[in-house]
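Summary of the model geometry
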Amino acid sequence: MKAMVYRGPYRVRVEEKDRPTIEHPNDAIVRVTKAAICGSDLHLYHGMMPDTRVGMTFGHEFIGVVDEVGGSVEHLKVGDRVMVPFNVYCGYCYFCTRGLYSNCHNVNANATAVGGIYGYSHTCGGYDGGQSQFVRVPFADVGPSIIPDWMDDEDAVLLTDACPTGYFGAQLGEIKEGEVVVVFGAGPVGLFAAKSAWLMGAGRVIVIDHLDYRLEKAQSFAHAETYNFTQYDDIVVHLKKITDYLGADVVIDTVGAEADGSFWQHVTSAKLKLQGGSPVALNWAIDSVRKGGTVSVIGAYGPMFSAVKFGDAVNKGLTLRMNQCPVKRQWPRLFEHVRSGYLKPKDLVTHRIPLEHIAEGYHLFSAKLDGCIKPLVIPDPA
Ligand SMILES: NC(=O)c1ccc[n+]([C@@H]2O[C@H](COP(=O)([O-])OP(=O)(O)OC[C@H]3O[C@@H](n4cnc5c(N)ncnc54)[C@H](O)[C@@H]3O)[C@@H](O)[C@H]2O)c1
Ligand SMILES: [Zn+2]
Ligand SMILES: [Zn+2]
């Protein structure tokens with residue numbers, strides 16, 4: 001089969017690989033019909049995540065058709081159209097039974113912090129991902145769901161990561177009626193977080209980025225008030241000014257490890273690898289939330305420490321909430337919001353790239369060229 005393969009930082013290509021096979025009776029093999037490239041893939045692509053091995057296939061946001069099932073699979077059959085959450089999880093361990101699917105205890109022998117994620121380096125279990133013609137889906141009775149007949153494929157693929165993750169970011173903010181919510185980052189995850197904040201009762205939603213085309217999308221898609229941080233000496237001071245000098249009630253970091261805005265944070269993280277990621281957006285979040293407020297972190301950071309202003313978070317009495325998204329937990333509510341038309345995930349899709357040209361897709365999305373917000377990857381029918 002054809003699959004995207006990592007060759008080293010900034011180098012991906014399509015290669016012939018062995019088609020995956022059933023390794024356990026509860027596995028399924030899914031023929032991928034649509035995949036996406038996520039901001040998280042960019043951290044891998046840039047060589048920011050440890051133990052990203054040459055030869056690995058990325059892709060944790062994908063849908064497809066069941067091609068083969070193991071002997072114990074009961075909920076899926078060959079030919080079913082399925083959406084697969086980005087988490088690999090067992091469904092019955094201490095954490096899974098409490099809904100913490102992203103923290104499953106049984107799927108990742110390489111780490112004690114994170115569970116399993118498709119195509120996300122050996123720190124997340126070493127599972128090959130879905131930017132390929134076929135993918136092995138372990139615990140096939142647990143993660144995947146059959147795509148409802150009424151649901152569009154492009155909505156379904158974004159429901160396997162970006163959309164539930166943004167929604168989860170707003171949920172972790174524990175937004176109360178009328179509160180001021182600031183979202184750092186206007187990528188797909190930030191745009192979904194901003195749109196979801198209204199659903200949870202926000203009275204004002206503000207989005208910060210430095211890419212004007214994405215801020216325009218935050219206005220049209222998420223009805224947010226927007227500011228470009230490069231146009232202010234200090235974006236934190238500006239946010240204080242426009243919130244009666246109190247700060248926002250809730251701030252959501254949807255930027256993560258590769259935040260722009262500080263030369264030294266960039267050098268010590270991306271270049272020298274002295275930090276697990278540049279905490280610029282996270283520190284701005286801590287500084288711009290009001291005392292006693294909540295900071296929700298869904299931007300991804302590497303396992304090593306980052307220079308976070310923890311003392312200020314303590315002294316301000318902040319609530320800090322964070323996790324990788326437990327995707328399937330969000331589906332029942334999100335299916336209703338998509339069905340009713342309030343959420344139209346596919347409105348964020350800007351590019352549909354054949355798998356053979358995936359290197360171009362990574363380049364466009366990484367360098368934020370050609371108005372790119374969300375690129376999909378389309379494998380040839382096998
Ligand atoms: N927790 C989870 O489950 C989960 C799931 C999906 C993605 N993520 C993470 O969410 C983050 C965003 O993903 P995405 O797909 O939207 O990526 P993206 O790269 O498209 O978006 C990131 C945005 O942040 C902006 N940005 C950079 N520095 C900034 C700063 N200092 N302040 C404000 N904005 C800044 C960029 O210009 C860009 O628009 C990534 O870190 C990704 O790894 C986490
Ligand atoms: Zn992702
Ligand atoms: Zn589990």
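Here, the structure is the one placed above.
Calculation notes
Residues numbered from 1 in each chain as written. Chains lettered and ligands numbered in written order. Predicted model: local features only at pLDDT ≥ 70, side-chain atom pairs only at ≥ 80, totals over all residues. Heavy atoms only, no water. Donors = N, O, S within 2.8 Å, 3.2 Å for Na, K, Ca; no water. Tetrahedral: all angles 85-135°; square planar, octahedral: opposite > 155°, others 65-115°. Buried < 20%, exposed > 50% of the residue type's maximum accessible area, 1.4 Å probe, protein only. Helix = DSSP H or I, 4+ residues; strand = E, 2+ residues; numbered from the N terminus. Pairing = 2+ DSSP bridges. Phe/Tyr/Trp six-rings, centres within 6.5 Å; stacked < 30°, edge-to-face > 60°. Near = heavy atom within 4 Å. Polar contact = N/O pair within 3.5 Å; in protein donor to acceptor, adjacent residues only side chain to side chain. Nonpolar A, V, L, I, M, F, W, Y, C, P; charged D, E, K, R; others polar.

Glancing now at the coordination of the zinc ion (ligand 3). Coordination of the zinc ion (ligand 3) by the protein involves Cys90 (SG), Cys93 (SG), Cys96 (SG) and Cys104 (SG), with metal-donor separations of 2.3 to 2.4 Å. Every donor counted, the four donor atoms about the zinc ion (ligand 3) form angles of 102 to 117° at the centre, which fits tetrahedral coordination. Classification of Cys96 as buried rests on a relative accessible area of 4%.

When a strand is regular, its side chains alternate between the sheet's two faces. Among the seven residues in strand S1 (residues 2–8), five count as buried, and that is most of the element. In this structure, S1 lies alongside strand S2 (residues 11–16), joined through six bridges in antiparallel fashion. Each residue of the ladder has a partner; that of Ala3, found in S2, is Glu15. Counted between consecutive antiparallel strands, the loop separating S1 from S2 contains two residues, among which Tyr10 sits at a positive phi close to 65°.

This next bit is on the packing of aromatic side chains. Within the structure shown, the criterion is met by 14 aromatic pairs. Centroid distance Tyr45 to Tyr362: 5.0 Å. Interplanar angle 40°. Geometry classified as tilted. Of the two residues, Tyr45 sits in helix H1 (residues 39–45) while Tyr362 sits in helix H11 (residues 358–366), which places them 317 residues apart along the sequence. Tyr362 carries the same exposure label as Tyr45, and that label is buried.

The next thing to look at is the site of ligand 1. Inspection of the region around ligand 1 gives 34 residues, with Ser40, Asp209, Arg214, Asp260 and Cys325 positioned closest. Val255 places a polar main-chain atom, nitrogen or oxygen, 3.0 Å from an oxygen atom of ligand 1. Contact between ligand 1 and Gln324: an oxygen atom at 3.2 Å from a side-chain N or O atom of the residue. For the shell around ligand 1, the secondary structure elements donating two or more residues are H1, helix H4 (188–199), strand S11 (204–209) and helix H8 (280–288). Of all the elements, H1 adds the most residues to the shell around ligand 1, at four residues. A class-by-class count of the residues in the shell around ligand 1 yields 17 nonpolar, 12 polar and five charged.

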